[in-house]
Amino acid sequence: MHNKNLFPSCILLLLLSSLLSSNVVVVAKDGDKSGNPFTPKGYLIRYWNKHVSNDLPKPWFLLNKASPLNAAQYATYTKLVADQNALTTHLQSFCSSANLMCAPYLSPSLEKHKGDVHFVSYGDKNFTNYGTKEFGLGFNSFKNYTEEENFPVNSFRRYGRDSPHDNQFDNYGPGGNTPVQSFNSYSTNTPGGSGQFTNYAPGANVPDLHFTSYSDHGTGGEQEFKSYGNDGNAGQQSFKSYGRDGNGADSQFTTYGNNTNVDGSAFTNYGQTANGGNQNFTSYGFNGNNPASNFNNYGVGGNGPSETFTSYRDQSNVGDDKFTTYVKDANGGEANFTNYGQSFNEGTDVFTTYGKGGNDPHINFKTYGVNNTFKDYVKDTATFSNYQNKTSQVLASLTEANGGKKVNNRWVEPGKFFREKMLKSGTIMPMPDIKDKMPKRSFLPRVIASKLPFSTSKIDELKKIFHAANDSQVAKMIGDALSECERAPSAGETKQCANSAEDMIDFATSVLGRNVVVRTTENTKGSNGNIMIGSVKGINGGKVTKSVSCHQTLYPSLLYYCHSVPKVRVYEADILDPNSKAKINHGVAICHVDTSLWGPKHGAFIALGSGPGKIEVCHWIFENDMTWATAD
């Protein structure tokens, strides 16, 4: 009686032991590669099979975005999320296991680095002192500080302070996602010694950047700052002081916030009350897209220096900018301002004082752009060469007509928008950069995502869960995502944010029915170069149809903004190398047939000409974006 089921149980245990000890990967029906059907990915595969009616090949590019939690972790965090306080105390392990983007906790570092120090790479904690009060000749170099990190929160307090050493800093926070970067002082109170700062947070995504002082109170020595916050995407930047109270030091600032997208930046003091020395600022906010820039003081109260400012937000696209004072109360010297606010599209620019209160300065202002307000211009001590009440776009066309060089607007890069006739075999055309710039993240399992608050009314709860201080970039990122998701749809649009793959499947099938296919461009080959179009296939027979497009939104977990797109034609096309004719990619393109509700200043019309409702506009589906359509 007691041994009735013993033999079958023993056999079962032996079989399980044999399988587990072997190298064979067991794949259970509707499970993931581990063979476990109880993981989030296993659940998602079953969900796809149940809610999509066709037997076409599965879209692994979507299914692989499922949460990487194993079955045990899935069960643990599902239980924890029911008590949000418990989840908060396990946030770092949760973010790591679930492949989320969460802000790290950084303890302060009180390390002091002396002597001729040469750092190659450093990160993940705050930095207090580097080369402070080093006497005698020497050379300090710092190559890389927190490269390409997600949510780097860094503070660099002192670099080369009170030291005559030559200083060089190559890269500070390049390529970070939502970095919060603070640099307190660089080469302050230096008796001689040259300094060079090459890159500060280039290519950052939604940066929050602060630089307090660069080479203030320095004596002699040449100082150069090459690049600050260039190629950034959204975010805020501030630079408080550069070369203030300097004595006889030449300084050069090459670029600040160039090629940024929807950037807010503030520059407070450049060369204020400097004594002698030549100051050169080459470019501020060049080629930006809708920048909001504020430049407060340049060369105010200087004594006899030569001041040159070459370009302020030239070739930018709209924007809201202010320049408060340029060489106010200067004593002698020469001040040159070459270019201000020559925009592609009219923005709102205000320039308040130029050369006011100066003691016999020699001042020149070469060009001032369109739709601007210029106040307090001291005409008796300055020469104003040109006021152009035309946009750079108009000026460029006039220049080109006269054999001059064409001006390009980076924010309508070649190939970003194109006409439908380009999608023909043999066509050679430019392809924009279609690479995904977002941080790598995974979806949350729907069971977990559905239990977390997701509305602006409950943002305080979300900030508590993700350890987001009120003024932090994490809080801003969460708030921006929620606001976009809660925004009222445009005319004719149906929209929904999907913070789980199951939500995305439900939205797409609610719009298109259960017989659907989801597509994306295969890879990023061909980006930023010329391509040749190979064979082309029109989806749904190339007829005007309806689709659902899904685009990533920045959030701790993977989040997509999905919306229905009526009156489109969708195409698949082989992408070839134009020289070898070899296939390098398989692209998906969507052509919007009805553009009547688009704004007249939409980048497509800037690139292609024409206006709303007059032409169709096509574009590629970028990496990790996707478009859904009814299956053929």
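Residues numbered from 1 in each chain as written. Predicted model: local features only at pLDDT ≥ 70, side-chain atom pairs only at ≥ 80, totals over all residues. Heavy atoms only, no water.

Caption draft 1: Looking closely at the pairing of strand β29 (residues 583-592). Burial runs high along β29: 7 of the 10 residues are buried. In this sheet, β29 lies alongside strand β28 (residues 559-576) in antiparallel orientation, the contact comprising 9 bridges. The partner of A573 across the bridge, within β29, is G587. Joining the antiparallel neighbours β28 and β29 is a turn of 6 residues, in which K581 adopts a positive phi near 65 degrees. When β29 meets strand β30 (residues 617-620), the two strands line up antiparallel, connected through 4 bridges. For I590, the partnering residue across the bridge sits in β30 and is H619. (Buried < 20%, exposed > 50% of the residue type's maximum accessible area, 1.4 Å probe, protein only. Helix = DSSP H or I, 4+ residues; strand = E, 2+ residues; numbered from the N terminus. Pairing = 2+ DSSP bridges.)

Caption draft 2: Unusual backbone geometry, seen in detail. For K567, which is not a glycine, the phi torsion comes out positive at approximately 55 degrees. Looking at where K567 falls in the secondary structure, it is placed in strand β28. Although it is not a glycine, K581 sits at a positive phi angle of roughly 65 degrees. You can see K581 is positioned in the loop between β28 and β29.

Caption draft 3: Region of interest: the pattern of salt bridges. Evaluated as defined, the whole model comprises 13 salt bridges. Between D433 and K437 there is a salt bridge, with its nearest N and O atoms 2.8 Å apart. Judged by its relative accessible area of 53%, K437 is exposed. Across the pair D436 and K440 runs a salt bridge whose closest N-O atoms are separated by 4.0 Å. A residue is classified by how much of its surface remains accessible, and K440, at 51% relative accessible area, is exposed. Overlapping salt bridges, with partners in common, bring together R446, D503 and D506 in one network. (Salt bridge = Lys/Arg side-chain N within 4 Å of Asp/Glu carboxyl O.)

Caption draft 4: Fine view of the nonpolar core. Formed by 36 residues in total, the largest nonpolar core has its most connected members in L87, F94, I448 and I478. If you list the elements that add at least two residues to this core, you get α4 (71-81), α5 (84-89), α6 (91-98), α8 (446-449), α9 (459-465), α10 (473-486) and β28. Apart from residues no more than four positions distant in its own chain, F94 is found in contact with Y77, L87, L100, L444 and I448. (Core = buried A, V, L, I, M, F, W, Y, C linked by side-chain atoms within 4.5 Å. Contact = heavy atoms within 4.5 Å.)

Caption draft 5: Highlighting the side chain of D625. Mapped onto the elements of the fold, D625 is located in the loop between β30 and β31 (626-630). No salt bridge is formed by the buried D625, whose closest oppositely charged neighbour, K65, lies at an N-O distance of 8.4 Å. Within the structure, the side chain of D625 is placed 3.5 Å from the backbone nitrogen of Q552, a separation counted as a polar contact. With sequence-adjacent residues up to four places away left out, D625 is seen in contact with R519, T520, C550, H551, Q552 and Y560. (Lys, Arg positive; Asp, Glu negative; His and termini not counted. Polar contact = N/O pair within 3.5 Å; in protein donor to acceptor, adjacent residues only side chain to side chain.)

Caption draft 6: Quick peek at the state of the cysteines. If you walk through the whole model with that rule in mind, you get 4 disulfides. Shown here is the disulfide that connects C95 with C102, its sulfur atoms set 1.9 Å apart. Around the S-S axis, the bridge from C95 to C102 shows a dihedral of about -70 degrees and counts as left-handed. Note on C95: relative accessible area 5%, which makes it buried. With a relative accessible area of 13%, C102 lands in the buried category. Bridging C591 to C618, the disulfide has an S-S length of 2.0 Å. Its S-S torsion of about 105 degrees marks the bond between C591 and C618 as right-handed, since a negative value means left-handed. Of this pair, C591 sits in strand β29 while C618 sits in strand β30; the two residues are 27 residues apart in sequence, bridging distant segments of the chain. (Disulfide = S-S within 2.5 Å.)

Caption draft 7: Molecular detail of the confidence of the model for the protein chain. For the protein chain, the average pLDDT comes to 74, and 52% of its residues sit at 70 or higher. Between residues 1-28, whose pLDDT stays under 50, and residues either more than four places distant or in other chains, the model counts 9 contacts. Below pLDDT 50 for its whole length, residues 245-249 participates in 22 contacts with residues either more than four positions away or in separate chains. (pLDDT = per-residue confidence, 0-100.)

Caption draft 8: The arrangement of α6 in detail. Every buried residue of α6 is accounted for by L91, F94, C95 and A98. Along α6, the residues classed as buried sweep out an arc of 95 degrees about the axis, all on the same side. Where α6 ends, the next residue or the one after it, N99, has phi of about 60 degrees, a positive value. (Arc of directions from axis to C-beta.)

Caption draft 9: Expanded view of α10. Taking 1.5 Å per residue as the helical rise, α10 with its 14 residues ought to reach 20 Å, and the 20 Å between its terminal C-alpha atoms agrees with that figure. Listed as buried for α10 are Q473, V474, A475, M477, I478, G479, A481, L482 and C485. (Expected span 1.5 Å × (residues − 1).)

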